[in-house]
Every structure is written in structure tokens, then in C-alpha cells.
Amino acid sequence: MYPLTRLYARKICSQKLIYIFFACFFTASFFYAFLISTPQMEEMLNINIGIVGRKNFPEFMMRFYVGTVGILFNVFLLTLFICEEDRNKMLYQPLLHGESRSRMIWSKIYVAVSMSMIFVLLTAFINYITAYMRWGYEIFEQTALIRTVMKYLLSGIYMSVITLGIIALCIYTRNAWKTIFFVIIYLLIDQFIYSSNIVFLQKMWLGYYLNLWMFTYEYQKIPLSELFIGIPIMVVYGIIFSQISLCRIQKIDF
């Protein structure tokens, strides 16, 4: 499987969208770190620089990537990656040296999930670099650093599960625009469920725990009880999404 994994990693890395996106993200993070310090921007955005700046800035910026922007970036990247191969009839056909469909899709899953985790860590790196340029060493205050790095790692798990869901959608719909449409619907439902009072539905919803960690416990330590519930639920969703992909790909008859 290693040659396939290396091949798909090269194909993803060749997508110019990745480099354009992170260049824009660095630029936005850099200017935001400096602009929010001005009285005019504080008033316009209705923020308190004492709360969202300095050691809390990397955590504050995390919500922009993990909440919406990163998911939309992933869906565009993966639809190019998966649906393009579908159009070229390379997604479902065995390779000449006898690779099975399941091995091919597992290779794609490994690459896509690994890249989604790397992208989250790269986002953390960008946010810390821009925060350091603005506030210096005070952003590395130990308690805040440990708390924020843990939240980025948890966000990486969430983004990996979302990636598995997007792959399942790509394979099931075999259409880029349908996949993007369903992801946008998911984002809308996600916000509705988080802000609702339907406790049972919240506890079983994939995105609830990320919203809980990012907003309810923003700039605070996450209780272990929430971690012990949230992480297993995300893992279960990830297993379901991967099994949907594997089952669907075996049933497709070109």
C-alpha cells in the first residue's frame, strides 16, 4: 500500500489550492494580529483585546479555521482529489499491478486524514508565528500554551473525521457540487444543534463537542468528562464514514 500512499500524497501536494490558501491565511492572521490592537477595530468588532489577544490569540484564531473556513477548504480540496479521479475512471479501477479497490481507497483515506491533521498543525504554527511577531514571548505562557495545543490536537481529530465524511460523500454522490452542498447543509445544521436545547441530539452530534470546546470552554481548560465522551463519539463517526466509503466503492459498477 505504501507506493499508492506516496502517489496520492504527491497528487494532493501538487494542488496549488493548498499553497494559495495558506498564503492567504498567513496574511489574514498577520494583519489581524496587528489590527485588532487598534481602538477602532476593537470598537468595530466589539472585542476585548485583553481577552482575544496575546497568549489567547492562537486559540481565538483557531475558530476561523476549524469552525468553517478549514472545512470548506477541505471539501474543495477533496472534491478535486476524489471526483477528478472519478471522472478519469481511476477511482474504482484496479491498478495494473493488481491493487484492489479497497486498498486504493484506504490509501486515499490515509493520505487525506494525515493531511487534514497536518493542516490543523500548520494553522497553529501560522497563528503562533504571527502572534509572536506581535506580542513576543508572552504568547508562550505555559498554561495557555498547553491548553491551546491540546485544543488544536482535538481539532485535528475533528477535522480528520470531517475529512472521512467528505470522502464518503464524494464516493456516494460522485458529484463535486452535491458534496459541497451537503457540507454547507451540515455546517448550518451544526450551528442550529449547538444553539438548541435538544440535549440528547447535542450529545450524539459530531460537531457539538468541537463547538463546546471552542466556545463554551474558550480560554478555559476542557473538563476530562467532556473529553471522555466527545473523543469516542468522533471515533465512532470516523469508523462509520470509512465503512460507508468501503461499502459504496465495492458496489459501484463503473
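Since this is a predicted model, take the numbers as computed values, not measurements.

A. Representation of the overall build of the chain. Scanning the chain from N- to C-terminus turns up eleven helices and zero strands. Of the regular secondary structure in the chain, the N- to C-terminal order runs α-α-α-α-α-α-α-α-α-α-α. Per-residue burial for the chain yields a buried fraction of 48% across its 254 residues. Residue pairs in contact within the chain that sit at least 24 positions apart in sequence constitute 76% of those at least 6 positions apart.

B. Just the layout of surface pockets, in detail. Taken as a whole, the largest pocket holds about 350 Å³ of empty space. Every residue lining the largest pocket is counted, 16 residues in all, and those nearest its centre are Gly165, Ile166, Leu169, Tyr186 and Phe241. Going through the elements one at a time, helix H7 (142-173), helix H8 (176-195) and helix H11 (224-251) are the ones with two or more residues in the lining of the largest pocket. Grouping the amino acids of the lining of the largest pocket by side-chain chemistry returns 15 nonpolar, one polar and no charged.

C. Main features of the packing of aromatic side chains. In this structure the tally under the stated criterion is 25 aromatic pairs. Ring plane angle 10° and centroid distance 4.1 Å describe the contact between Phe21 and Phe73, whose orientation is recorded as stacked. Of the two residues, Phe21 sits in helix H2 (residues 16-35) while Phe73 sits in helix H5 (residues 57-87), which places them 52 residues apart along the sequence. Residue Phe21 shares its accessibility class with Phe73, and that shared class is buried. Measuring from centroid to centroid gives 5.6 Å for Phe60 and Phe64, while their planes differ by 85°, and the two rings are edge-to-face. Taken together, the positions of Phe60 and Phe64, both in helix H5 and four residues apart, correspond to about one turn of that helix. When its relative accessible area of 34% is taken as the criterion, Phe64 is described as partly exposed.

D. Local environment of the environment of Thr79. Mapping Thr79 onto the fold places it in helix H5. Considering only alpha carbons, one finds Thr79 and Ile166, 87 residues apart in sequence, at a separation of 8.2 Å. Only 2.8 Å separates the side chain of Thr79 from the backbone oxygen of Val75, close enough to count as a polar contact.

E. Representation of the side chain of Asn211. For Asn211, the position within the fold is in helix H10 (residues 208-216). A distance of 3.1 Å separates the side chain of Asn211 from the backbone oxygen of Gly207, its partner in a polar contact. Other than its neighbours up to four places away in sequence, Asn211 contacts Asp190, Gln191, Tyr194 and Thr216.

F. Representation of the nonpolar core in the model. Tyr65 and Tyr158 are the most contacted members of the largest nonpolar core, which has 58 residues in total. Every element with two or more residues in this core is listed here: helix H1 (2-13), H2, H5, helix H6 (101-135), H7, H8, H10 and H11. Leaving out residues up to four positions away in the same chain, Tyr158 has contacts with Val66, Ile71, Tyr186, Leu206, Gly207, Leu210 and Met234. Counting residues in each nonpolar core, the second largest holds 14 residues, with Ala33, Val52, Phe60 and Ile139 among its members.

G. Broad picture of the pattern of salt bridges. According to the stated counting rule, one finds five salt bridges in the structure shown. The salt bridge partner of Arg147 is Glu59, with a shortest N-O separation of 3.1 Å. Separated by 88 residues along the polypeptide, Arg147 in helix H7 and Glu59 in helix H5 bring together distant segments of the chain. Judged by relative accessible area, which is 15%, Arg147 ranks as buried. Note that Glu218 is salt-bridged to Arg63, the shortest N-O span being 2.4 Å. Of the two residues, Glu218 is situated in the loop between H10 and H11 and Arg63 in helix H5; the sequence distance between them amounts to 155 residues. Looking at Glu218, the relative accessible area reads 13%, which means it is buried. The network of salt bridges with shared partners includes Glu59, Arg147 and Lys151.

H. Representation of the environment of Ile244 within the structure. Along the polypeptide, Ile244 turns up in helix H11. Ile244 sits in the partly exposed class, given a relative accessible area of 37%. Sequence separation between Ile244 and Ile171 is 73 residues, and the spatial gap between their C-alpha atoms is 8.9 Å.

I. Molecular detail of the confidence of the model for the chain. For the chain, mean pLDDT is 84; residues scoring 70 or higher make up 87% of the total. Per-element confidence in the chain ranges from a low mean pLDDT of 68 for helix H3 (residues 39-45) to a high of 91 for H7.

Conventions and cut-offs
Residues numbered from 1 in each chain as written. Predicted model: local features only at pLDDT ≥ 70, side-chain atom pairs only at ≥ 80, totals over all residues. Heavy atoms only, no water. Helix = DSSP H or I, 4+ residues; strand = E, 2+ residues; numbered from the N terminus. Buried < 20%, exposed > 50% of the residue type's maximum accessible area, 1.4 Å probe, protein only. Contact = heavy atoms within 4.5 Å. 1 Å grid on protein atoms, 1.4 Å probe; cavity = no way out; pocket = protein on both sides within 12 Å on 5 of 7 lines; lining within 4 Å. Points joined across faces, edges and corners; volume = space filled by probe spheres on them. Nonpolar A, V, L, I, M, F, W, Y, C, P; charged D, E, K, R; others polar. Phe/Tyr/Trp six-rings, centres within 6.5 Å; stacked < 30°, edge-to-face > 60°. Polar contact = N/O pair within 3.5 Å; in protein donor to acceptor, adjacent residues only side chain to side chain. Core = buried A, V, L, I, M, F, W, Y, C linked by side-chain atoms within 4.5 Å. Salt bridge = Lys/Arg side-chain N within 4 Å of Asp/Glu carboxyl O. pLDDT = per-residue confidence, 0-100.

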